[in-house]
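Tertiary structure, described
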Amino acid sequence: MEIRTYGDPTLRRRAEPVGTIDDVIRAICERMVEAMLRANGAGLAAPQIGISKRIIVLDVDGEFHVLINPELIETSGEVDQFQEGCLSVPGVDAPVERATRAVIEGTTLDGKTVRIEGEGLLARAIQHEMDHLNGSFFLDHLSPARRQSLLKEYQRRQREESS
Ligand SMILES: [Zn+2]
């Protein structure tokens, strides 16, 4: 399994900005897209495949994006709660509060600056993947008690799967 899971130190590190978009970066993006599609995910951040660089891919409601050095410009709208999971914490999910609108700017593989304005699920995916670039997880948005119980559940499932 190529996707790193909870406990991997890369997932807790703040990812480094990308300098030049070269063949190495293009290859990383390709691996990320493949991993996301294979896992049926709505998005993926480079640290999730063990690469501490600021790259995210998104695939939500027909919107597909590969973004390098994305910056969160703003979150707005209402805050809603929705069941959220993560490819790096497989098998568990929990309701997470997020803004219903999120705007990011980043660079495409062609070197163009683009702005993406997301609402609903796309806004949620944007905020979720941006968290990964900052070494954070959806779990960090939960109360400590809730986080503990979810992690216990996750570890129990991991043990069951490996036995
Ligand atoms: Zn995630």
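Just so we're clear, the structure is a prediction, and the values are computed from it rather than from any experiment.

Regarding the pattern of salt bridges
Within this structure, the stated rule accounts for 15 salt bridges. For the salt bridge of R124 with D80, the shortest nitrogen-to-oxygen distance reads 3.0 Å. Taken together, the positions of R124 in helix α2 (residues 121-133) and D80 in strand β3 (residues 63-85) put the pair 44 residues apart, joining distant regions of the chain. We classify D80 as partly exposed; its relative accessible area is 34%. Overlapping salt bridges, with partners in common, bring together D80, E84, R98, R124 and D131 in one network.

A short note on the coordination of the zinc ion
At 2.0 to 2.3 Å from the zinc ion lie its protein donor atoms, namely C86 (SG), H128 (NE2) and H132 (NE2). Mapped onto the polypeptide sequence, the residues donating to the zinc ion form the spacing pattern C-x41-H-x3-H. Residue C86 is located in the loop between β3 and β4 (93-107), and its partner H132 is located in helix α2; the two are separated by 46 residues in the primary sequence. H132 carries the same exposure label as C86, and that label is buried.

Calculation notes
- Residues numbered from 1 in each chain as written.
- Predicted model: local features only at pLDDT ≥ 70, side-chain atom pairs only at ≥ 80, totals over all residues.
- Heavy atoms only, no water.
- Salt bridge = Lys/Arg side-chain N within 4 Å of Asp/Glu carboxyl O.
- Helix = DSSP H or I, 4+ residues; strand = E, 2+ residues; numbered from the N terminus.
- Buried < 20%, exposed > 50% of the residue type's maximum accessible area, 1.4 Å probe, protein only.
- Donors = N, O, S within 2.8 Å, 3.2 Å for Na, K, Ca; no water.

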